Protein chains: 2
Amino acid sequence: MLNYSVSEENYIKAIFHLQQQDGTVTTNELAGELNTRPASVTDMMKKLKAKKLVHYQPYRGFRLSAEGSKVALGIIRRHRLWEYFLAEKLKFSWDEVHAVAEELEHVSSKKLIEKLDEFLGYPKADPHGDPIPDVNGKIEHYSYQCLASLPANKLVVVSHVSNQSNEILDLLKHKKISIGTKLEIKRRFDFDDSMEIKIGRQPVFTISKQVAENIFVKIN
Amino acid sequence: MLNYSVSEENYIKAIFHLQQQDGTVTTNELAGELNTRPASVTDMMKKLKAKKLVHYQPYRGFRLSAEGSKVALGIIRRHRLWEYFLAEKLKFSWDEVHAVAEELEHVSSKKLIEKLDEFLGYPKADPHGDPIPDVNGKIEHYSYQCLASLPANKLVVVSHVSNQSNEILDLLKHKKISIGTKLEIKRRFDFDDSMEIKIGRQPVFTISKQVAENIFVKIN
DNA sequence: AAATTATTTTAGGCAAAGCTAAAATAATTT
DNA sequence: AAATTATTTTAGCTTTGCCTAAAATAATTT
Ligand SMILES: [Mn+2]
Ligand SMILES: [Mn+2]
Ligand SMILES: [Mn+2]
Ligand SMILES: [Mn+2]
């Protein structure tokens, strides 16, 4: 497998994430995502097309080729393994891991990543609950349910948080909710869709609709 | 403290190492060290001079400024901490750590390095026995003695190996010599300056002059 | 002290990755 | 169906870091 520049890798990864939603990605979308200019995106798409990493016809948008997806999954694997390392071993807080992993993901030693994976005990998910692709780029897609969509009297395990901002981290930290936390939905209020939640034997507390919409859970 | 490009950092670090011996570094020396062309070195020296990281007068060679040395020690700190991590935690062999650390050293998060240092237990030396600068760039200079220069009947501890090639690693691994190994010099032969060495209760074995010249030890 | 050789610098270019402004194309209104 | 607006691409320029070949300077021989 060839080696790609930091810039190429950042583009490839961004396309991968954007096309999860939309299927096909537009020039403006990608420029927005990467804080760059549409003209720069067009330049890079020509290059990635020449390298057969994207399918691209002028004005028609683009998506990763099979090869491009494989490359993307490699980058995502590195990113998430480093995030796990930073959180688990170096005790970085949840919102700090991403920026550093954004740099570490580009260190291109196959052996490094395999040894790191082994050292970490082959973790399945990063600190945000996102699954870590295996050596072959295979990724497990769990079907999580959004906490906001569940009725009262359910016992669930927090598995993923879709918003990764400082602000939600701050709130979740305060409420002592993190990946793996077991929650019990005690009540739902139709007025504002807020819910009352219990963790273990601790007193019940309330979370808003906005929070519940960002928490994804496995039902126990 | 400002941020420097990967290229700038590689130049700064190379100058630091070269000037340890010579005091002042020449264009050709640095080009040789970095596998680049003299013309490229001149270009970079102009830039580093403009940034006040080197003292440089055309045709007169160059050396790091105080600020340049501080930057260099920061890079060396990162490099050696990563080498320690790779060897100690990921079980990389001695000759593999350098290449990977050469990339990792450029990841520029202050917090990452301080947390890593803490996680590793504030190691004093990298796997090759080279001292790791502290947060302030302070580096301990031990006065090691070259094994080749010592008489018979000395008990010593291997502290540094000056040659970091695959070949010497292979030999030392086979002879079970590594940093921290306690050696006893049993005999020296004037004919070829080879020496007979004992490790613990294992049988005596011989090392050549060339090997002994690359091993540096503390006398016990 | 010249002449020769070695080293270093300058001049001029190239590729990667970004930018702005203008042109081309597509999508949406009227 | 035009006209207008939005999106995308092209053209042309910039910076960084590298290169080769030629010119300048320094060091060494003769
Ligand atoms: Mn990145
Ligand atoms: Mn993540
Ligand atoms: Mn390096
Ligand atoms: Mn080392």
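Up top is the structure.
Worth saying up front: this structure is predicted, and the values here are computed from it rather than measured. Along each chain, numbering runs from 1 in the same order as the chain's sequence is written. Chain labels run from A onward and ligand labels from 1 onward, assigned in the order the entries are written. The predicted nature of this model means local features are confined to residues of pLDDT at least 70 and side-chain atom pairs, given and counted, to a pLDDT of 80 or more, with totals for whole chains, interfaces and linings taken over all residues. The basis for every side-chain value is the complete set of non-hydrogen atoms in the structure, without hydrogens or water.

In this text, helices come from DSSP runs of H or I with a minimum length of four residues, and strands from runs of E with a minimum of two, each type numbered from the N-terminal end. For chain A, the count of helices and strands is 8 helices and 8 strands. Seen through its C-alpha atoms, chain A measures out along the principal axes to roughly 60 × 40 × 25 Å. Using a 1.4 Å probe on the protein chains alone, a residue whose accessible area is under 20% of its type maximum counts as buried, one over 50% counts as exposed, and one in between counts as partly exposed. Counting all 220 residues of chain A, 44% fall into the buried class. For this analysis, residues touch if any pair of their heavy atoms sits within 4.5 Å. Counting contacts in chain A only where the partners sit at least 6 residues apart, residues at least 24 apart contribute 60% of the total. Counting 32 positive and 29 negative side-chain charges, chain A places the centres of these two groups 4 Å from one another. Two residue types count as positive, namely Lys and Arg, and two as negative, namely Asp and Glu; His and chain ends fall outside the count. By convention, the point assigned to a charge is CZ for Arg, NZ for Lys, CD for Glu and CG for Asp.

Next up on the list: the coordination of the manganese ion (ligand 1). All names here are of chain A. Note that water is not among the atoms used; donors are N, O and S atoms within 2.8 Å of the metal (3.2 Å for Na, K and Ca), so sites may look incomplete. Bound to the manganese ion (ligand 1) on the protein side are Asn-10 (OD1), Glu-102 (O), Glu-102 (OE), Glu-105 (OE) and His-106 (NE2), at distances that span 2.1 to 2.5 Å. The motif formed by the donor residues of the manganese ion (ligand 1), counted along the single chain, is N-x91-E-x2-E-H. With Asn-10 in helix H1 (residues 6-22) and Glu-105 in the loop between helix H5 (97-104) and helix H6 (110-120), this pair connects stretches of sequence that are 95 residues apart. When its relative accessible area of 0% is taken as the criterion, Glu-105 is described as buried.

Let's shift gears to the protein's contact with DNA strand C. Whether a residue is near a molecule or strand depends on its heavy atoms: if one lies within 4 Å, it is near. Close contacts around DNA strand C come from 21 residues, with Ser-5, Thr-36, Ser-40 and Lys-47 of chain A together with Tyr-56 of chain B the closest. Each atom of DNA strand C within 4 Å of the protein was assigned to sugar, phosphate or base; sugar and phosphate come to 81%. N or O atoms closer than or at 3.5 Å make up a polar contact, with two conditions inside protein: a donor-capable atom paired with an acceptor-capable one, and, for residues adjacent in sequence, both atoms drawn from side chains. Within the side chain of Ser-5 of chain A, one N or O atom sits 2.5 Å away from a phosphate oxygen of DNA strand C. At 2.6 Å, a side-chain N or O of Ser-40 of chain A approaches a phosphate oxygen of DNA strand C. Tallied by class, residues from the surface near DNA strand C come to 8 nonpolar, 8 polar and 5 charged. Gly is placed with the polar residues, together with every amino acid not listed as nonpolar (Ala, Val, Leu, Ile, Met, Phe, Trp, Tyr, Cys and Pro) or charged (Asp, Glu, Lys and Arg).

Take the packing of H1 of chain A against helix H2 (residues 27-34) of chain A next. All names here are of chain A. Axis definition: a line fit to C-alpha positions, over the contact stretch in the case of helices; interaxial angles, taken between N-to-C directions, run 0 to 180 degrees. Between H1 and H2, the shortest axis-to-axis distance is 10 Å and the interhelical angle comes to 120 degrees. The angle between the axes of H1 and H2 places the two elements in the oblique class. Handedness of the crossing formed by H1 with H2: right-handed. Facing H1, whose interface residues are Asn-10, Tyr-11, Ala-14, Ile-15, Leu-18 and Asp-22, H2 presents Glu-29, Leu-30, Glu-33 and Leu-34. Considering only residue class, the contact of H1 with H2 consists of 6 nonpolar, 1 polar and 3 charged. By the definition adopted for this analysis, an angle is roughly parallel if under 35 degrees, roughly antiparallel if over 145, roughly perpendicular if from 65 to 115, and oblique otherwise. Take the far helix as your reference; a near helix turned counterclockwise from it by less than a right angle gives a left-handed crossing, and one turned clockwise gives a right-handed crossing.

Our focus in this paragraph is the protein's contact with DNA strand D. Taken together, 21 residues form the shell around DNA strand D, and within it Tyr-56 and Tyr-59 of chain A together with Ser-5, Ser-40 and Lys-47 of chain B come nearest. A breakdown of the atoms of DNA strand D within 4 Å of the protein gives sugar and phosphate a share of 78%. Note that a phosphate oxygen of DNA strand D is positioned 2.4 Å from one of the side-chain N or O atoms of Ser-5 of chain B. For DNA strand D, a phosphate oxygen lies 3.4 Å from a polar atom in the side chain of Tyr-11 of chain B. Contributions of two or more residues to the surface near DNA strand D are made by H2 and helix H3 (38-50) of chain A together with helix H1 (6-22) and helix H3 (38-50) of chain B. Partitioned by chemical class, the residues of the surface near DNA strand D number 8 nonpolar, 8 polar and 5 charged.

With that settled, consider the sheet that holds strand E7 (residues 205-207) of chain B. Residue and element names in this part refer to chain B. If you trace the 6 strands from one edge of the open sheet to the other, you get E3-E8-E4-E5-E6-E7, paired in antiparallel fashion. This sheet does not close on itself; its edge strands, each paired only once, are strand E3 (145-146) and E7. Two strands qualify as a pair provided that DSSP identifies no fewer than 2 bridges between them. Alignment of strand E5 (residues 182-188) against strand E6 (residues 195-198), held across 4 bridges, turns out to be antiparallel. Bridging from a neighbouring strand, Ile-185 pairs with Ile-197 of E6.

Okay, the packing of aromatic side chains next. Here the aromatic set is Phe, Tyr and Trp, taking the six-membered ring for Trp, and pairing holds for ring centres within 6.5 Å; pairs whose planes are under 30 degrees apart are stacked, those over 60 apart are edge-to-face, and all others are tilted. All chains considered together, the criterion is met by 10 aromatic pairs over all chains. For the pair Phe-85 of chain A and Phe-119 of chain B, a centre-to-centre distance of 6.1 Å together with 85 degrees between the ring planes defines the contact as edge-to-face. Residue Phe-85 of chain A is found in helix H4 (residues 66-88), and its partner Phe-119 of chain B is found in helix H6 (residues 110-120); the two belong to separate chains. The class of Phe-85 of chain A is buried, set by a relative accessible area of 0%. The class of Phe-119 of chain B is partly exposed, set by a relative accessible area of 22%. Where Tyr-56 of chain B meets Phe-62 of chain B, the ring centres are 5.9 Å apart and the plane angle is 70 degrees; that geometry is what we call edge-to-face. For the residue pair Tyr-56 of chain B and Phe-62 of chain B, the accessibility class agrees, reading buried in each case. An aromatic cluster of three or more residues is present, and its members are Trp-82, Phe-85 and Phe-119 of chain A together with Trp-82, Phe-85 and Phe-119 of chain B. Note on geometry: a ring has a charge over it if NZ (lysine) or CZ (arginine) is within 6 Å of the ring centre and within 35 degrees of the ring normal. Above the ring of Phe-92 of chain B, the side-chain terminus of Lys-115 of chain A is found at 5.8 Å from the ring centroid.

We now examine the relation of the copies chain A and chain B. For the least-squares superposition of copies, only C-alpha atoms count, and only for residues with pLDDT at least 70 in both. Here chain A sits on chain B after a turn of 180 degrees about the axis and a move of 0.0 Å along it, with an RMSD of 0.2 Å. When the rotation and shift are considered jointly, the pair of chain copies conforms to a two-fold rotation axis. Closest to the rotation axis within chain A is the C-alpha of Leu-104 of chain A, separated from it by 3.7 Å. A shared binding surface is used by both copies, with 100% of the interface residues of chain A retained as interface residues in chain B.

You can see Asp-126 of chain B is positioned in the loop between H6 and E3. Contacts of Asp-126 of chain B, omitting those with residues within four sequence positions, involve Arg-80, Glu-83 and Ile-132 of chain B.

A word on H4 of chain A. Helices are assigned an expected span. That span is 1.5 Å times one less than the residue count. Across its 23 residues, H4 of chain A extends 32 Å between first and last C-alpha, which sits within 8% of the 33 Å expected from 1.5 Å per residue. For H4 of chain A, the tally of buried residues reaches 18 of 23 residues, placing the bulk of the element in the interior.

This paragraph deals with the coordination of the manganese ion (ligand 2). Residue and element names in this part refer to chain A. Of the protein atoms, only Glu-83 (OE), Asp-126 (OD) and His-128 (ND1) coordinate the manganese ion (ligand 2), at distances of 2.2 to 2.3 Å. Coordination of the manganese ion (ligand 2) draws on donor residues from a single chain, spaced E-x42-D-x1-H in sequence. Separated by 43 residues along the polypeptide, Glu-83 in helix H4 and Asp-126 in the loop between H6 and strand E3 (145-146) bring together distant segments of the chain. Classification of Glu-83 as buried rests on a relative accessible area of 1%.

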